[in-house]
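# Observations on chain architecture
Residues per chain, in single letters:
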Amino acid sequence: MSAPQTTNEKLADLRDRLELAQDPGSERARARRDEAGQTTPRQRIHALLDEGSFVEIGALARTPGDPEAVFSDGVVTGYGRIDGRPVAIYAHDKTVYGGSVGVTFGRKVVEVMEFAIKIGCPVIGIQDSGGARIQDAVTSLAMYSEIARRQMPLSGRSPQISIMLGKSAGGAVYAPVTTDFIVAVEGQAEMYVTGPAVIKEVTGEDISSAELGGARQQELNGNVSVVVPSEEEAFDFVRDLLGHLPTSTFDDPPVVWAPADEDLDDSALDTFMPDDTNAGYDMMDLLVQLGDDEEILEIQENYAPNLICAIGRIDGRPVAFVANNPLHFAGCIDAAAADKGARFIQTCDAYNLPLIFVVDTPGYLPGVEQEKVGLIHRGAKLAFSVVEATVPKVTLIVRKAYGGAYAVMGSKNLTGDLNFAWPTAQIAVMGSAAAAVMIQGKQLAAVEDPDQRAMMKKMFMDFYDETMTSPYVAAERGFIDAMIQPSETRLTLRRALRQLATKQTKDLPKKHAIRPM
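The structure reproduced in this document is the subject of the present report. (Residues numbered from 1 in each chain as written. Predicted model: local features only at pLDDT ≥ 70, side-chain atom pairs only at ≥ 80, totals over all residues. Heavy atoms only, no water.)

### Overview of a nonpolar patch on the surface
For clarity, the threshold we go by: Patch membership needs two things, relative accessible area over 30% and no salt bridge, and members are linked within 9 Å if like-charged or within 5 Å if nonpolar (Val, Leu, Ile, Met, Phe, Trp, Tyr). A 1.4 Å probe and the Shrake-Rupley method give the accessible areas. Residues count as covered only by the protein chains that appear here. Salt bridge, as applied in this entry: a Lys or Arg side-chain nitrogen positioned within 4 Å of an Asp or Glu carboxyl oxygen. Under the scheme used here, helices are H or I runs from DSSP no shorter than 4 residues and strands are E runs no shorter than 2 residues, and both carry numbers assigned from the N terminus. Residue exposure (1.4 Å probe, protein chains only): buried if accessible area is under 20% of the type maximum, exposed if over 50%, otherwise partly exposed.
Together, Leu 14, Leu 18 and Leu 60 give the surface a local cluster of nonpolar side chains, amounting to about 210 Å² of exposed area. Here Leu 18 shows up in helix 1 (residues 7–22). The exposure class assigned to Leu 18 is partly exposed, which follows from its relative accessible area of 36%.

Following this line, the structure appears as structure tokens:
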């Protein structure tokens, strides 16, 4: 076919090419996608972004030197807006080369990432990839590295979010797990470094892809931030999440309407805490009463659920909650919770979200298994992240705050700015039952009468609770800034954050700190 000559012919040729590029996969691949009820990458992008805001780049890009090459090379890239704010975006196209990464694919993704670095805006990747393009050999691996290299200057500068809508294998999982947040759709998303077929060939282990890397399994593995039931809910969550984050670390996060101080009625909080100091309760039931409303975005809900990491709003401004949950391990901090908390704190600090610690923990979780999995250094990472964070840090102790867990949960000695406590708080090296064993173990063991032994133990525990765990002991020594009634909490948190709004800190000059091993 001869090349177009007239202007009309050239315009018609352009329209033909652009139309072909809209859904360039083979007829068979498109039919397979449609039969599975899956959406196209452009449909996904339009569903996420503000209507009419998407501007595509590289629609006519394809593999150089191949006359049979397909437009787009397996990825749709461009930029647009969410709630009026700019974002860069790319979405894999599974119908073109299986969504695998080739040279043109890589260059397109790199271009939108560099665009985001220039203007300082979030990057969203909609992931549905077969991994490396095997026939491209080292070129594919080079493109993975080029993409990964752009993640570093973006990290902590502007939010990076991955939406997992299909399989991501091999190198295709490393880019998502390096982003700040990963949202996976249950029943669609699968993630693994090595697929089931290769595992069976190499190790003899037989496992399905869903069992190996399904969304729920990877959530339990700590590799996913949020699992949702559908693509629509994934997009809703991402919009809500970005509504709590700044466009870049140099921008303020969105501020929304909040009730006035005089309109707050928190009298119900005075009866929230159970009388039994060992009774369990769901900490989330408290957190929804501390923010402006019940809209709280929990991160990694089912991974290390003994520590809640969530984003909400106080006084109309986004904040990050780090809270122990007594329903799981009595609120103890284990190795997984320490990892979860450390990364969450680091992420929220990067985007200038104040940290609200809500404390009810009897300490780090004891046990042989915890020592084996490295609780020492993993627990130290949590303390490191708390000290490293420069945002305002406000701590509320509602019940137990024992041992090292007291220290890392925003204590004043580990750089907490303002510490408050309810009268139900208990602050000590350890609880009274453990102290009875440590301090009076031999004396109690020498008492033969069980009733007398139990009475002596109770007397010691009562004395210990009154003189050692009382929050007034900490308040007298200046480790608590104020004892407050629970019904005063929301107003107290508001005033504390207003006071800390202009907080500034400076570190000693150096290249960078070194995290615990």
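### Some details on the pairing of strand 12 (residues 355–361)
Spelled out, the test is: At least two DSSP bridges between two strands are needed for those strands to be called paired. Here, the term right-handed applies to a crossover whose path from the first strand over the helix to the second runs clockwise when the strands point away from the viewer.
In terms of burial, strand 12 is a largely internal element, seven of the seven residues being buried. Taking every second residue as pointing to the same face, both faces of strand 12 are buried, with Leu 355, Phe 357, Val 359 and Thr 361 on one and Ile 356, Val 358 and Asp 360 on the other. In this sheet, strand 12 lies alongside strand 11 (residues 317–324) in parallel orientation, the contact comprising four bridges. Bridging from a neighbouring strand, Ala 323 pairs with Val 358 of strand 12. Assessed by its sense of winding, the connection that carries the chain from strand 11 through helix 12 (residues 335–350) to strand 12 is right-handed.

### Comments concerning unusual backbone geometry
Positive phi, normally seen in glycine, also occurs at Ser 72, with a value near 85°. Checked against the element boundaries, Ser 72 lands in the loop between strand 1 (55–57) and strand 2 (75–82). We note that Asp 83 has phi near 55°; this positive angle belongs to a residue other than glycine. Mapped onto the elements of the fold, Asp 83 is located in the loop between strand 2 and strand 3 (85–92).

### Quick notes on helix 4 (residues 103–119)
For clarity, the cut-off: How far a helix is expected to stretch is found by multiplying one less than its residue total by 1.5 Å. Contact criterion: two residues are considered in contact whenever any of their non-hydrogen atoms come within 4.5 Å of each other.
Given a rise of 1.5 Å per residue, 17 residues ought to cover 24 Å, and the 25 Å separating the end C-alpha atoms of helix 4 matches this to within 8%. Among the residues of helix 4, Val 103, Thr 104, Phe 105, Gly 106, Lys 108, Val 109, Val 110, Val 112, Met 113 and Ala 116 are the ones counted as buried. Each element contacted by the buried residues of helix 4 is listed here: strand 1, strand 2, strand 3, strand 4 (123–129), helix 5 (138–154) and strand 5 (160–169). Phi for Gly 120, located one or two positions after helix 4, is positive at around 75°.

### Some details on the environment of Asp 481
Note the cut-off: By the criterion applied in these results, polar contacts are pairs of N or O atoms within 3.5 Å in which, for protein atoms, one can donate a hydrogen and the other can accept it, and in which residues neighboring in sequence qualify only through two side-chain atoms.
Among the structural elements, Asp 481 can be located in the loop between helix 18 (471–476) and strand 16 (482–483). Considered as a pair, Asp 481 and Phe 420 are 61 residues apart in the sequence and their alpha carbons are 5.8 Å apart. Discounting chain neighbours no more than four positions away, the residues touching Asp 481 are Lys 412, Asp 417, Leu 418 and Asn 419. Engagement of the side chain of Asp 481 in a polar contact is seen with the side chain of Lys 412, the distance being 2.9 Å. A polar atom in the side chain of Asp 481 sits 2.7 Å from the backbone nitrogen of Asn 419.

### Section: the nonpolar core
Most often, soluble globular proteins keep nonpolar side chains buried together rather than apart. What counts is decided by this rule: Only buried residues count toward a nonpolar core, which is a set of Ala, Val, Leu, Ile, Met, Phe, Trp, Tyr and Cys residues joined through side-chain atoms within 4.5 Å.
If you look at the biggest cluster of nonpolar residues, it comprises 64 residues, and the most contacted ones within it are Leu 48, Ile 124, Ile 163, Leu 355 and Ile 397. Once you skip the residues sitting within four places of it in the chain, Ile 397 turns out to touch Val 359, Tyr 406, Phe 420, Ala 421, Trp 422, Ala 425, Ile 427 and Ile 480. If you look at the next biggest cluster of nonpolar residues, it comprises 28 residues, including Met 283, Ala 310, Val 319 and Ala 496.

### So, the pairing of strand 5
When you tally the buried positions in strand 5, you get nine out of 10 residues, the bulk of the element. Two strands pair when backbone bridges link them, and strand 4 and strand 5 are joined in this way by six bridges, in the parallel orientation. What sits directly across from Gly 125, in strand 5, is Ser 162. Taken together, the four bridges between strand 5 and strand 6 (residues 181–185) define a ladder with parallel strand orientation. Considered in strand 6, the bridge of Ile 161 is made with Phe 181. Both strand 5 and strand 7 (residues 190–192) contribute to a ladder of three bridges, which runs parallel. Each residue of the ladder has a partner; that of Ser 168, found in strand 7, is Met 191.

### Examining the environment of Leu 497
One can find Leu 497 in helix 19 (residues 489–499). For Leu 497, a relative accessible area of 14% corresponds to the buried category. Sequence separation of Leu 497 and Gln 127 is 370 residues, and the distance between their C-alpha atoms is 38 Å. In contact with Leu 497, other than residues within four places in its own chain, are Ile 314, Val 319, Pro 354, Ile 356, Pro 392 and Val 394.

### Considering the pattern of salt bridges
Per the counting criterion, the structure on display carries 28 salt bridges. Two residues, Arg 216 and Glu 186, come together in a salt bridge whose shortest N-O distance is 3.4 Å. Of this pair, Arg 216 sits in helix 9 (residues 215–220) while Glu 186 sits in the loop between strand 6 and strand 7, and the two are 30 residues apart along the sequence. Relative accessible area serves as the criterion here: at 35%, Arg 216 is assigned to the partly exposed category. A relative accessible area of 39% means that Glu 186 is categorised as partly exposed. Among the charged side chains, a network of salt bridges with common partners joins Asp 261, Asp 292, Asp 315, Arg 494 and Arg 498.

Geometric descriptors of this kind do not, in isolation, establish any biological role.
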